[in-house]
Amino acid sequence: MMIEPKPPTVKNPAEQFTGDVYLDLIAAPKDRSQRMVVAKVRFLPGARTAWHSHAKGQTLHVTEGTALMGTRDGFVIKVHPGQTVYTPPGEEHWHGATPDDYMEHLAMLENADDPATTTRWLEHVTDADYLRPASE
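First things first, this report covers the structure right here in the doc. Per chain, residues are indexed from 1 in the order of the written sequence. Two thresholds apply to this predicted model, a pLDDT of at least 70 for residue-level local features and 80 or more for giving and counting side-chain atom pairs, whereas whole-chain, interface and lining totals are computed over all residues. Computation of side-chain values: all heavy atoms of the structure, hydrogens and water removed.

## Details of the sheet that holds strand E1 (residues 10–11)
Which entries qualify depends on this criterion: Strands pair, by our definition, only if DSSP identifies at least two bridges between them. For helices the rule is a DSSP run of H or I covering at least 4 residues; for strands it is a run of E covering at least 2, with both sets numbered from the N terminus onward.
Reading across the sheet, the six strands line up as E1-E3-E4-E12-E7-E10 and stay open at both edges, with antiparallel pairing between neighbours. Sheet topology places E1 and strand E10 (84–87) at the edges, where each strand pairs with a single neighbour. Across seven bridges, the pairing between strand E7 (residues 58–65) and strand E12 (residues 103–110) is antiparallel. By the bridge assignment for E12, Gly65 is matched with Met103.

Below you can see the structure in the form of C-alpha cells.
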C-alpha cells in the first residue's frame, strides 16, 4: 500500500470544453491489466463539455452544484448532489454546470483496449442545446 502524491489540477482544453473546467485525477491504471480512471471535475457557471462518447461508458456522480446533462435526442436533465448518472458505451452526450452556478462531479470510466480511443470528442455544444429546458 502507498500514498500517491496529488497530481496538479489541470485546466481542460478549449477544444473539448466551453468555459472554464478543471480536473483533478484521482485514479488511473497502474499496469496493463487495469482500466479504471476516476477524476474530480469542476465546471464554472456556464461551462460544459463538447459532445462526446465513451467506448466503455461513463458514470458521473455529482458532488456539488447542479449539473446539466444532455443527449443527441434533445433530452436534458438536471442532476443534483448525491445523484449518479450512467451513460452507456457509444452514447453521444454532454455535461456541465448551470448558467448561474458551478458544478463538481466525479467522472468514472474504463479505458478502451487502446486508451487513446476511450473518449471520442466531437463538436461543441451550441447555446441552443445547452439552454434547452431540463427535466429533473
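Next comes the rest of the description.
## Thoughts on the pairing of strand E3 (residues 21–27)
Looking at chain direction, E1 and E3 are connected through two bridges and run antiparallel. By the bridge assignment for E3, Lys11 is matched with Tyr22. Both E3 and strand E4 (residues 36–43) contribute to a ladder of six bridges, which runs antiparallel. Along E4, the bridge assignment pairs Tyr22 with Arg42.

## Observations regarding the nonpolar core
Inclusion rule: By nonpolar core is meant a set of buried Ala, Val, Leu, Ile, Met, Phe, Trp, Tyr and Cys residues that side-chain atoms within 4.5 Å join together. Three labels apply to residues, based on accessible area from a 1.4 Å probe with only protein chains included: buried if under 20% of the type maximum, exposed if over 50%, partly exposed otherwise in between. Residue contacts are defined here by distance: any two heavy atoms, one from each residue, within 4.5 Å place the two residues in contact.
Ranked by size, the top nonpolar core spans 16 residues in total, and within it Phe43, Met69 and Val79 carry the most contacts. Elements with a minimum of two residues in this core: E4, E7, strand E8 (67–71), strand E9 (76–79) and E12. With three residues, the top contributor of residues to this core is E4. In contact with Val79, not counting residues within four places along its chain, are Val62, Gly65, Thr66, Ala67, Met69 and Val85.

## Focus: the packing of aromatic side chains
What counts is decided by this rule: Aromatic contacts are taken between Phe, Tyr and Trp rings whose centres are within 6.5 Å, Trp giving its six-membered ring; a plane angle under 30 degrees counts as stacked, one over 60 as edge-to-face, and the others as tilted. By definition, being over a ring means that NZ of Lys or CZ of Arg is both within 6 Å of the ring centre and within 35 degrees of the ring normal.
One pass over the full model with this rule turns up two aromatic pairs. We note Arg48 situated over the ring of Tyr130; from NZ or CZ to the ring centre the distance is 4.2 Å. Across from the ring centre of Trp51, 4.1 Å away, lies the NZ or CZ of Arg72, which sits over that ring.

Purely geometric numbers; function is a separate question.
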